[in-house]
Structures are given as C-alpha cells and as structure tokens.
Amino acid sequence: MINDFNYLKPGTLKEAFAMYAEHDDCKVICGGQSLLIVMRQGMIAPEYLLDIKHIKELNYIKFDKKEGLRIGATTTHRTIEKSDVIKKNYPVLVSMENKLASIQVRNWGTIGGNIAHADPAGDPAPVLIALKAGVKFGGAAGERTMPLEDFFVDYFETALNKGELVLEIQVPLPEPKTGAAYQKFNLLESDMGVVAAAASVTLNGNGKCKDARIVLGNAGSTPRRIKGAEELLVGKALNEKLFAEAGKIASEDCEPVADIHASEENRRHILGVLTKRMLQKAFEEAKA
Ligand SMILES: Cc1cc2nc3c(=O)[nH]c(=O)nc-3n(C[C@H](O)[C@H](O)[C@H](O)COP(=O)(O)OP(=O)(O)OC[C@H]3O[C@@H](n4cnc5c(N)ncnc54)[C@H](O)[C@@H]3O)c2cc1C
C-alpha cells in the first residue's frame, strides 16, 4: 500500500527548484512508472511528491544538425518513438523505444524518469551512451552537463545532488558512415531485459573503423562500456572474426549477477553473442 503523502504541483521549473529545495523528504514524480512500484512495495515512503509532469519547459524534442538532438526530461517514451526527426536521424532510438515495456507504460514513462531511476536494466541508457549522449541536470544552485556514461554511479544511483532534476538529454548528430544497433534479451516481451547490448560503428574514407562504442545493459551496477573491445576494432578493416573477439572481451569484462531469470554464466554468454551481433548490424548500417 502507498503511504500518505503531500502533493506538490509546480507550474514552472523555477517553482519546481524552489519547492524541491524547500522540502526535505521529497521525491520527484513524473510518469510514476518506476516510482509508484517502489512506493507500493513500501521500499520508500516520501512525505512529499513533487509532480514535474506538467512543466512545459521540460517537454520538447528539438533538433538541428549543429546542436544535434535535445530531448526535455518529461518527454514520454511514446513521443520519442513517434518522432519523425528521431526516426530519420537516430533510428536506433526509435527501435529501442518500440520495445520498451508496453504502449501504456510508454505513454506515461518519461526519458528523464528512466535515466534518473538508473536501473542497470533500463533500455535507453546503453543506446544513448553508444550515441555519445550527454545529460543536463540542475536545481536552484545552477545547471551542469556531463557525458551520460559518467552520470550513473551505482545501482539506482546517479550524479544528481539533493534538489537537482534531470533536465535534458543531448545527443550529437552521428558522423557520416555511422551505424548503431541495440538489442535486449528478455524472457517476456514488454519486460525489462535480462541483459542488453548497444553498439555504434563509424567508418572512415577507406572503409576502416574510425570509431566504435560498445555498451552493455544489466551487466553490472551501471551501463558498461567495453573499452578493450572498442580499442580492438578502431583502425581495422572490420570482419566477423573481430566481432567475435569483441564479443568474447565483452562477456569477460562485465559483472552480471545471477537471479531467478538467468545465471551469471548465462548472462555472460548472451552478452557476448549480443555484442557480436550488434557490431555486425551497426557495421552493415555504416556501410550502407
Ligand atoms: C510494466 C513495466 C515495464 C517496464 N519495462 C521497462 C523496460 O522494458 N525498459 C525500461 O527501460 N524501463 C521499463 N520500465 C520502467 C519505466 O518505464 C521507466 O523507468 C520510466 O521511463 C520511468 O519514467 P517515469 O517518468 O514514469 O518516472 P517516475 O516513476 O516518475 O520516476 C522514476 C524515478 O526517477 C525520479 N525522477 C523522475 N523524473 C525525474 C527528473 N526529471 N529528474 C530527477 N529525478 C526524476 C523519481 O523521483 C524516481 O526516483 C517498466 C515499467 C513498468 C511499470
């Protein structure tokens, strides 16, 4: 059962910052798709809920070729999935959103809430990190921006300080000849992934690998870049053998935990397979 709480509904970002700073035992709520679950389970019982869902300043998708993509924190998964500009320039984001939970959840859940919740099995983070995304966050004391990969500190823990909100996700326009791919392995469709892998590959003029990113989901306490495998690929003419080697490195350089859904060994194996497949897929797209 959910505890009694006081409901705060700021109309502007400035009001939200002020209310958040003023109330000590206060949790932000946006779509409620993760928060209400932990409240219902009695894991937290905040005295105040600060509802930021209706703050218009945080609800937008903006794009230009120089600045890239900027997504306001309260933008829902469904809006991202349906965005023409994202479909055209970041198709991997659309295919990821399309497999996140169900339409009902995507209609309520937001990108800011997903990132702030910092579930290591969350879908958007690995894809966004593979796309070199940044995150803007802040509060009454000011705003900061950092690479999204540095934002995650531990299981369900981020770089947010007390009184700070996630404000915006920023994704640069991928370089020419870049491909990106993401896949999660889940037992039930519309559920969180048992594990997941995202990859992006950029080719240079002579078809060799200029840049690569490999990011695993639910392979440790935070989304995990596999830098050893990325370094293996850069400067080389890519092929299936290299992707298999990269997959092997990924399956070794991770810290998945066993639970009722899969053993640690099983997770490592799937992560290796997914990494190889996502690299191949990203490579094909980069060549096209
Ligand atoms: C049935 C079901 C299936 C799901 N499946 C998936 C899945 O497949 N993949 C996946 O990634 N997720 C999944 N989720 C989780 C959920 O969809 C996401 O985490 C969702 O995006 C959360 O967004 P929200 O706006 O609802 O956040 P809320 O639940 O409102 O908040 C989540 C957390 O973030 C904080 N918060 C919210 N917004 C901000 C902000 N702007 N700044 C700072 N803190 C903030 C809250 O205080 C809370 O701690 C699933 C959820 C359900 C219920």
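As the structure is a computational prediction, the values presented were derived from the model and not from experiment.

What counts, and where the lines are drawn
Residues numbered from 1 in each chain as written. Predicted model: local features only at pLDDT ≥ 70, side-chain atom pairs only at ≥ 80, totals over all residues. Heavy atoms only, no water. Salt bridge = Lys/Arg side-chain N within 4 Å of Asp/Glu carboxyl O. Helix = DSSP H or I, 4+ residues; strand = E, 2+ residues; numbered from the N terminus. Buried < 20%, exposed > 50% of the residue type's maximum accessible area, 1.4 Å probe, protein only. Pairing = 2+ DSSP bridges. Axes fitted to C-alpha atoms, helices over the stretch in contact; angles between N-to-C directions. Contact = heavy atoms within 4.5 Å.

Asker: Explanation requested: the pattern of salt bridges in the structure shown.
Answerer: Pairing between side chains of opposite charge can happen when the charged atoms of each approach one another. For the structure shown, the criterion picks out 22 salt bridges. Note that Lys241 and Glu245 form a salt bridge whose closest N and O atoms lie 3.9 Å from each other. With Lys241 and Glu245 both in helix α11 (residues 240–252) and four residues apart, the pair spans about one turn of that helix. Judged by its relative accessible area of 61%, Lys241 is exposed. Residues Glu264 and Arg268 are paired through a salt bridge, measuring 2.9 Å at the closest nitrogen-oxygen approach. Separated by four residues within a single helix, Glu264 and Arg268 lie in helix α12 (residues 264–287), roughly one turn from each other. A residue is classified by how much of its surface remains accessible, and Glu264, at 30% relative accessible area, is partly exposed. Members of the salt-bridge network, linked through shared partners, are Glu149, Arg213, Arg225 and Glu230.

Asker: Can you walk me through the sheet that holds strand β1 (residues 6–8) in this structure?
Answerer: Judged by pairing direction, the sheet is parallel, and its three strands sit side by side in the order β1-β3-β2 without closing on themselves. Bordering the open sheet on either side are β1 and β2 (26–29), each of which pairs with just one other strand. Across the sheet, the mean angle from the axis of one strand to that of its neighbour is 25 degrees, orientation sign disregarded. Relative to strand β3 (residues 48–51), β2 is paired through four bridges, and the arrangement is parallel. Residue Lys27 lies in a different strand from β3, and its bridge partner there is Leu49. Against the sheet, helix α1 (residues 13–22) makes contact with β1, β2 and β3, and its axis sits at roughly 165 degrees relative to β3, the strand it touches most.

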